[in-house]
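Next come the chains, spelled out residue by residue.
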Amino acid sequence: MEIVYVYQKKRREFGKQAMLSDRPADIGLSIPPDPSYLKNYTERNPSHTEAQCCPDKSEHEVNTDSYVLTNRGILHTQGGWPKDVDATDVEHTIRFRKKIEKDEEYMRVIKHLGDCMEHTIKQNNAIDIYQEYFQEAPETHVSDAPSAKSLNVYRDPNSIKRAATYLSWYPEEGHKIAVAYSVLQFQGMPSNMSLDSYIWDVENPNAPDQTLTPTSPIVCIKYNPKDPHILVGGSYNGLLSYWDTRKGSFPVDTSPLEKSHRDPVYNVAWVQSKSGCEFFSVSTDGQALWWDIRKLSEPTETMMIDPEKNGNIVGGTVLDFETTMPTKFMIGGENGATFMCNKKAKTPGDKITHVYPGHHGPVYALQRNPFFLKNFLTVGDWKAQIWSEDIRSPIMSTKYSMSYLTDGCWSPTRPSVFFTAKMDGSFDIWDYIFKQVEPTHTVQVCNSPLHSIKAQEHGRLIAASARDGSMTLFELSEGLAKLQNNEKKIFSEMLERELKREKTLESAVREKRIKAAQKRPNSAFMPTGQALEELLKASEDDFYSYIDDGDGKLRDEAMARIAEYEKPTSS
Amino acid sequence: MSAAKDTNRDYNEVEIALNRLQTHKGVQGIVITTHEGTVIRSTMDNIQTPQISTLVTPLAARSKGVVRDLDPEDELKFLRIRSKKHEIMVAETKSYLMIVIQNPHEL
């Protein structure tokens with residue numbers, strides 16, 4: 001029903017000023033109530049209503065933009081010249097100086113100040129109030145509980161979070177950390193994901209210090225220990241690139257697709273060389289490739305990880321290279337075995353010298369003990385194992401942990417301390433001379449699995465990176481970072497003792513096997529056919545000759561009796 | 001005549017005083033400046049001298065202000081800044097400042 005009100009106005013009255021005046025109300029339209037509508041409604045009884053007598057309020061939120069603050073310094077070089085002296089004109093300044101020096105007041109002042117100053121200079125020379133007494137006193141035993149305090153968290157600034165898969169500390173001082181970001185789940189990378197990896201400055205968790213832009217996300221990254229400006233990174237598509245931090249964010253050079261790996265490059269390690277430019281990489285496609293960064297167009301050497309020498313290639317997941325042993329290196333494989341390889345082998349078959357089987361799953365971390373080079377740590381499946389080069393079984397291993405272990409490393413300052421990172425987002429600190437049964441301390445980092453854990457060279461700081469892209473920096477308590485008294489001796493004794501134990505066990509097993517083989521030599525040689533007949537005849541003759549008293553008839557009698565026994569069956 | 005001789009003598013005395021300061025063990029350099037920071041005399045090289053004068057002079061003025069603010073009857077007698085490598089000592093009067101750098105552990 002449309003309610004319309006119509007009025008007329010002459011055209012010549014358009015635009016005139018409106019003259020408003022009151023007039024009594026008159027009904028334009030009256031709509032009486034229609035009781036039939038009542039059928040559409042039911043009465044509500046009881047009826048609860050709330051009323052409040054207070055002013056209407058509304059809520060607003062405001063978030064100011066955060067200001068980016070940076071620190072800058074200014075160096076003021078010259079100043080304070082009075083107005084009539086031109087600072088740039090040397091003559092002027094010299095004249096001004098000379099004028100002052102002639103001033104009597106100046107001379108008096110200088111004399112007075114000179115005396116004052118001399119007094120303090122002599123004071124300084126007499127006693128050094130800042131001298132440290134008892135500097136040579138041995139440190140008292142630090143008995144603070146082992147702990148790790150988290151200092152900073154560095155989050156991936158991109159909106160699509162990638163896992164921080166590998167991290168590398170800046171060599172020596174360790175004020176920067178390079179972190180490689182990628183998504184390792186097969187086909188888990190969204191198309192608009194950023195490919196960048198970052199270098200973070202330890203002091204500044206708000207923004208990365210530098211960005212590295214590869215063509216494909218980087219899975220592993222390492223600083224060159226000889227030249228801290230150079231980093232090498234292995235990417236998800238198998239290529240290797242190297243960056244120079246002085247030259248910007250794009251790689252200086254990248255290896256060609258045909259010559260690189262066919263699977264993501266899981267680990268790279270720098271090699272001891274005169275030029276400091278060589279490194280090698282390993283991937284689950286079963287290849288270990290050596291490269292020189294000056295010529296990344298093709299690898300200088302290739303090696304297939306082929307422990308059985310029969311063409312079954314094992315993928316490699318970790319590498320270790322120790323600069324003091326330049327011809328030997330180790331590869332951790334996907335099948336849980338660790339391979340000790342010799343770089344100088346003549347034939348490819350000789351490349352792998354030793355195989356150390358031991359893990360149920362891929363070996364995720366492999367590192368030699370920085371103090372005892374013959375022993376190394378492997379981390380894989382649910383436990384960590386310590387090996388000695390001479391024995392094929394681990395000399396020590398931790399018990400199975402509740403969650404899968406993903407990475408581990410030794411402490412660079414204490415020979416018996418190592419760290420393991422777990423899938424539940426925590427990492428364990430093992431102090432092996434203190435307790436072997438369980439970790440000395442466990443630190444929960446975050447809720448997502450940790451991918452990589454690396455200790456800084458001075459031993460005090462640890463960085464752990466996780467699948468949600470965050471990297472956390474921890475500071476260890478002093479007891480865990482400082483070398484304890486006699487620690488080296490105790491740990492080396494422990495290692496030797498375990499080594500001896502394994503050796504004795506192995507030789508005992510071997511002896512037992514040899515003895516068992518010797519005890520039944522004939523059972524190994526069962527003659528058949530004709531040889532058996534002859535043997536039987538010979539033993540029968542022997543038997544009868546023994547029981548015979550001389551007439552030779554015993555044998556015929558025995559034969560007749562046997563024939564009689566057999567006869568009834570035929571009839 | 002005698003006035004000129006007096007000034008000469010005073011001039012010499014200034015030189016003597018500065019030399020004596022310099023020969024003390026560990027003294028690395030002396031800089032004399034005005035309150036605005038203008039260098040009048042210095043025994044150090046051309047790079048360090050302006051650095052020292054422009055950095056230390058405002059610091060000395062500030063510390064003088066602090067001492068006065070805390071107690072209006074007090075005044076700054078001497079300012080010493082001990083750093084890991086050396087000690088910076090500042091003595092001042094109404095018009096001039098004397099800055100001495102000393103390293104008492106010089107081997």
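Residues numbered from 1 in each chain as written. Chains lettered and ligands numbered in written order. Predicted model: local features only at pLDDT ≥ 70, side-chain atom pairs only at ≥ 80, totals over all residues. Heavy atoms only, no water.

### Overview of the overall build of chain B
When its secondary structure is counted, chain B shows two helices and five strands. In sequence order, the secondary structure elements of chain B are arranged as α-β-β-α-β-β-β. Counting every position in chain B, which comprises 107 residues, the buried fraction comes to 44%. The long-range fraction of contacts in chain B, counting pairs at least 24 apart against all pairs at least 6 apart in sequence, stands at 40%. When the accessible surface of chain B is totalled, it reaches about 6,300 Å², and 53% of it is carbon and sulfur. (Helix = DSSP H or I, 4+ residues; strand = E, 2+ residues; numbered from the N terminus. Buried < 20%, exposed > 50% of the residue type's maximum accessible area, 1.4 Å probe, protein only. Contact = heavy atoms within 4.5 Å. Areas by Shrake-Rupley, 256 points an atom, 1.4 Å probe, with all protein chains shown as cover.)

### Digging into the overall build of chain A
Helix and strand counts for chain A come out as six helices and 28 strands. Relative to its 571 residues, chain A shows a buried fraction of 40%. Carbon and sulfur atoms make up 53% of the accessible area of chain A, which amounts to about 36,100 Å² in all.

### Let's talk about the interface of chain B and chain A
With 39 residues of chain B in contact, the opposing surface of chain A contributes 34 residues. Taken together, both faces of the contact between chain B and chain A bury some 3,400 Å²; the carbon and sulfur share is 65%. Counting the contacts that link chain B with chain A gives three salt bridges. Put simply, R20 of chain B and D115 of chain A hold a salt bridge, and the shortest N to O gap is 3.8 Å. (Buried area = accessible area lost by both parts, 1.4 Å probe. Salt bridge = Lys/Arg side-chain N within 4 Å of Asp/Glu carboxyl O.)

### As for the sheet that holds strand β10 (residues 265-270) of chain A
Residue and element names in this part refer to chain A. Strands sit in the order β10-β11-β12-β13 across an open sheet of four strands; the sheet is antiparallel. Every interior strand has two partners, whereas the edge strands, β10 and β13 (301-304), have only one. Adjacent strand axes in the sheet meet at a mean angle of 20 degrees when their direction is disregarded. Taken together, the four bridges between strand β12 (residues 287-292) and β13 define a ladder with antiparallel strand orientation. Residue pairing in the sheet places A288 in a bridge with M303 of β13. (Pairing = 2+ DSSP bridges. Axes fitted to C-alpha atoms, helices over the stretch in contact; angles between N-to-C directions.)

### Focus on the confidence of the model for chain B
On average, residues of chain B score 82 in pLDDT, and 88% of them are at 70 or above. Our summary of model confidence lists the complex with pTM equal to 0.61 and ipTM equal to 0.72. (pLDDT = per-residue confidence, 0-100.)

### Some details on the pattern of salt bridges
If you walk through the whole model with that rule in mind, you get 32 salt bridges over all chains. Between D431 of chain A and R414 of chain A there is a salt bridge whose closest N-O contact spans 3.3 Å. Within this pair, whereas D431 of chain A is found in strand β24 (residues 426-431), its partner R414 of chain A is found in the loop between β22 (405-410) and β23 (417-422), the two being separated by 17 residues in sequence. Each member of the pair, D431 of chain A as well as R414 of chain A, is classed as buried. A network of salt bridges, in which partner residues are shared, links D115, E118 and K122 of chain A together with R20 of chain B.

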